[in-house]
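Take a look at the letters that make up each chain.
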Amino acid sequence: MIPLALAAAGVIAIPILATVARTPWGQLPELLSSPAAMQAMGLSLRTAVLATVLCVVLGAPLGFALAAWTSRWQRVVRAVVLAPLVLPPVVGGLALLYAFGRQGLLGGWLSSMGIDIAFSTTAVVLAQTFVAMPFMVLATESAVRSRSPHHESIASTLGAGRSRIFWAVTVPAVAPALATGMVLSFARALGEFGATLTFAGSMEGVTRTLPLEIYLQRESDAAAAVALAMVLLAVAIVVVALAYRPLMRSAR
Amino acid sequence: MSAATMSIDAHIAVPERGVDCRISIPGAGLIALLGPNGSGKSTVLAALAGTLTPARGHARLDQSVLFDVGDPGAGTIDAAARRITLVTQKDDLFPSLTVLDNVAFGIRARGVSRADARAAAHQHLAAGDLEDLADRRPATLSGGQARRVAIIRALAAEPRALLLDEPFAGIDVEAAIAVRGLVRQAGRTITTVIATHDAADAWGLADHVVVLDSGSVADAGTTQAVLSQPVSRFAAAMAGRVLLRGTAAATGLTLDDGTVVAAELCGLSPGDAALVAISPRHVQVTEAVNGDVTDVVARIEHHGDAMRVWGHLLAADVDPEQGVDLRVGDPISFALAPRPELYSPTR
């Protein structure tokens, strides 16, 4: 068992260590402050934050709804909603094009109203929301489902109506799980590549997010690519540390 | 009995929990639902509070309908609108709120502002001598403290009735004494129902007792009547007594097999159907020739510093030193002192 566990840790740790070893630490400030890098990081931060807001505002209610819904169609709906978790992102990007592209299901109608989504910053946010939303839905639904409704029952005997019970009892109880879902959604949105490239393209300052910039720089300026990769790596490790802390706490 | 107490009239049927019982209690301050685990006490409380909807039946608190499954016009009143609070054996306090905000919760729900609700909650906690806990989180409280806070929170909501499921179970003796004080106080102002498996909780506290056996009512009446003059074997067992059934005779009770047990007639005439409920504390084991009833040892139980010797007919609590030589199958004789009092099966 122990050699296998060490091998597993190695499969993950060795590439990370290799990236750290390859990073030109001395030039890091210079590489990260280049206009292209700054632009990509700024765009990534803006779009990922917006996508996270959308995930929380839309995904959390969907998670609550799935937890409360008892119909046999619930499983079908959940399977569809969670599909982006396992869908290759490039397929997600194509699907978004078929929906919101100029020739798409809704795109034609949106276009006639003067709204063009594909290959814009909006498309980046939409692609990120598409792939990140399931994390929020899943975190919310499983947290609500694993709770006994005992406190909600008691709250109702104390005279509280449904909305007071929801905000004062249910939401605080599932807040750690919501926070975890939010952090994971943000990380997934920040790292989004395939769906963004397919649905939003790679236009500097408009749709070229950090992962796209890394992919582009990797051949022309390897040092710049690895410097940006280091940023994403650091964010990923911080995110995981943040996301799993509340889970551990609530499990105790 | 205080003026604010209300009558309860209910028929509660929850087939999946084996409960189908009819309860009718005149305006009483403190009511004890007495029964073993699984007898349906918690289900009855949940149905009254509105956290569970029975398949059939109805319930009224005084004139107001709580639910009436058969009457679509009356329907089921939301738990939130019933103004009946419930304290269970589980962790009832909301873990994300401080003790103060837990107590303020029901006050806030009535539309009182946050500041006023907190001020009122402070007063309630102070009255219960728990103000020190105001800023604590429920997770840091002992079981007894949490139970007391939950009861204070339930009272702070100004309910019409308070329901308590095993309020004295699972907490230490000191806390149980404090909870008993709280419950007694509650019973003076509003209709209070406690569910308990222990008749000792009802004595000196409850005005009225309802005995539940496997989801139906085995006996009901004033505490004195039900616990000292039970009419069913089950109710007698819950009250810690042995029930004998027979006919009143000149010197006592004649059982079906002709055995005569010495007893006071207490107004019954020879020939009347009669019952007697005998506490093992009032029975002594004596020399085989001197006793009132001859019997054979059927079972021996040890309870703390006492030993309960069961015959086929009666049981006696004896000093373990005195009973050390007794074995199952030994012939014994029971003496009754004081003499038990006969009563009519219709009380």
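Residues numbered from 1 in each chain as written. Chains lettered and ligands numbered in written order. Predicted model: local features only at pLDDT ≥ 70, side-chain atom pairs only at ≥ 80, totals over all residues. Heavy atoms only, no water.

How do you make sense of the environment of V90(A) when you look at a structure like this?
All names here are of chain A. Mapped onto the elements of the fold, V90 is located in helix α5 (residues 89-100). Look at V90 and you get partly exposed, because its relative accessible area is 44%. Considered as a pair, V90 and D116 are 26 residues apart in the sequence and their alpha carbons are 20 Å apart. When sequence neighbours within four positions are dropped, the list of residues in contact with V90 reads G194, A195 and T198. (Helix = DSSP H or I, 4+ residues; strand = E, 2+ residues; numbered from the N terminus. Buried < 20%, exposed > 50% of the residue type's maximum accessible area, 1.4 Å probe, protein only. Contact = heavy atoms within 4.5 Å.)

Please explain the pairing of strand β8 (residues 161-165) of chain B as it appears in this structure.
Walk down a regular strand and you will see the side chains alternate between the two sheet faces. Residue and element names in this part refer to chain B. With respect to burial, β8 is a largely interior element, five of its five residues being buried. Side-chain alternation along β8 places A161, L163 and D165 on one buried face and L162 and L164 on a second face that is also buried. As defined by bridge partners, strand β7 (residues 84-87) adjoins β8 across four bridges and the pair is classed as parallel. If you follow V87 over to β8, its bridge partner there is L164. Pairing of β8 with strand β9 (residues 191-196) involves five bridges; the strand directions are parallel. For L162, the partnering residue across the bridge sits in β9 and is T192. (Pairing = 2+ DSSP bridges.)

In this structure, what is going on with unusual backbone geometry? I would like to understand it.
Residues other than glycine predominantly adopt negative phi, and peptide bonds predominantly adopt the trans conformation. Looking along the chain, the bond that leaves A337(B) and enters P338(B) is cis, with omega of -5 degrees. In this structure, P338(B) sits in the segment after β21 (331-336). The backbone of F119(A) shows a phi angle near 60 degrees, a positive value even though the residue is not glycine. Tracing the sequence through the fold places F119(A) in the loop between α6 (107-112) and α7 (121-145).

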